[in-house]
Amino acid sequence: MATDSIAISKNVEAMSFWQGAVVVLGRFLFVLIFLTAASNHFTKQTIAFAASQGVPLASIAVPLSGVLAIAGGLSILLGYRAKLGAWLIALFLVPVTLMMHKFWLVQDPMMAQIQMILFMKNVSMLGGALLISQLGAGPFSLDARRSR
């Protein structure tokens, strides 16, 4: 009987390891877009494009959105205060989605379709951020280490 409980414990530990590894991979894939694109938020071209889309105070708002993307992305990736990081990503996504992807105003059908796809991509990422804001970073994270 004792050998059965040892086998069950090893299976549970193995399952937990792989589940934790999948969560880490998921966090990495989720934040990849924010961390790779954030540096563009500090360029004159991106600021000028945002201004042309009607973003108010683009010279301040666009670099600030880059800071939100970097801070939120690193927070989620490392699993350090990941719930707060997810809220930073949500704070980033809502105005960016509404200001930069106004597909309903685009006259050209092809461009309208592209903007709708980008809008929906951001909405889905907002859903992921909201999930992380409630569920946290998972077992292999700095938050999990702190709670032990």
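Coordinates for the structure precede this section.
Criteria and thresholds
- Residues numbered from 1 in each chain as written.
- Predicted model: local features only at pLDDT ≥ 70, side-chain atom pairs only at ≥ 80, totals over all residues.
- Heavy atoms only, no water.
- Helix = DSSP H or I, 4+ residues; strand = E, 2+ residues; numbered from the N terminus.
- Expected span 1.5 Å × (residues − 1).
- Buried < 20%, exposed > 50% of the residue type's maximum accessible area, 1.4 Å probe, protein only.
- Salt bridge = Lys/Arg side-chain N within 4 Å of Asp/Glu carboxyl O.
- Patch = residues over 30% accessible without salt bridge, like charges linked within 9 Å, V, L, I, M, F, W, Y side chains within 5 Å.
- Areas by Shrake-Rupley, 256 points an atom, 1.4 Å probe, with all protein chains shown as cover.
- Core = buried A, V, L, I, M, F, W, Y, C linked by side-chain atoms within 4.5 Å.
- Contact = heavy atoms within 4.5 Å.

Points about helix 4 (residues 82-100)
Link 1 in the chain: Across its 19 residues, helix 4 extends 26 Å between first and last C-alpha, which sits within 8% of the 27 Å expected from 1.5 Å per residue.
Link 2 in the chain: Of the positions making up helix 4, those classed as buried are Ala82, Gly85, Ala86, Ile89, Ala90, Phe92, Leu93, Val96, Thr97 and Met100.

Quick word on the pattern of salt bridges
For side chains bearing opposite charge, pairing can occur when the charged atoms are close.
Link 1 in the chain: Counting across every chain of the model gives one salt bridge.
Link 2 in the chain: For Arg146, the salt bridge identified is with Asp143, shortest N-O distance 3.6 Å. Separated by three residues within a single helix, Arg146 and Asp143 lie in helix 6 (residues 142-146), roughly one turn from each other.
Link 3 in the chain: Overall, the relative accessible area of 18% leaves Asp143 in the buried class.

A short note on a nonpolar patch on the surface
Link 1 in the chain: There is a patch of nonpolar side chains on the surface, built from Phe42, Leu64, Val67, Ile70, Leu74, Leu78, Tyr80 and Leu142 and spanning about 690 Å² of accessible area.
Link 2 in the chain: Among the elements that take part in the nonpolar patch, helix 3 (residues 58-78) stands out by supplying five residues, more than any other.
Link 3 in the chain: Relative to the helices and strands, Tyr80 resides in the loop between helix 3 and helix 4.

Observations regarding the nonpolar core
Link 1 in the chain: Core analysis: the biggest nonpolar cluster contains 23 residues, and Phe30, Phe34, Ile76, Ile89 and Phe92 have the highest contact counts within it.
Link 2 in the chain: Among the elements of the structure, helix 1 (2-37), helix 2 (44-52), helix 3, helix 4 and helix 5 (109-135) are those that each provide at least two residues to this core.
Link 3 in the chain: Element by element, the count of residues in this core is highest for helix 4, at seven residues.
Link 4 in the chain: With sequence-adjacent residues up to four places away left out, Phe34 is seen in contact with Ala69, Ile89, Phe92, Leu93 and Met125.

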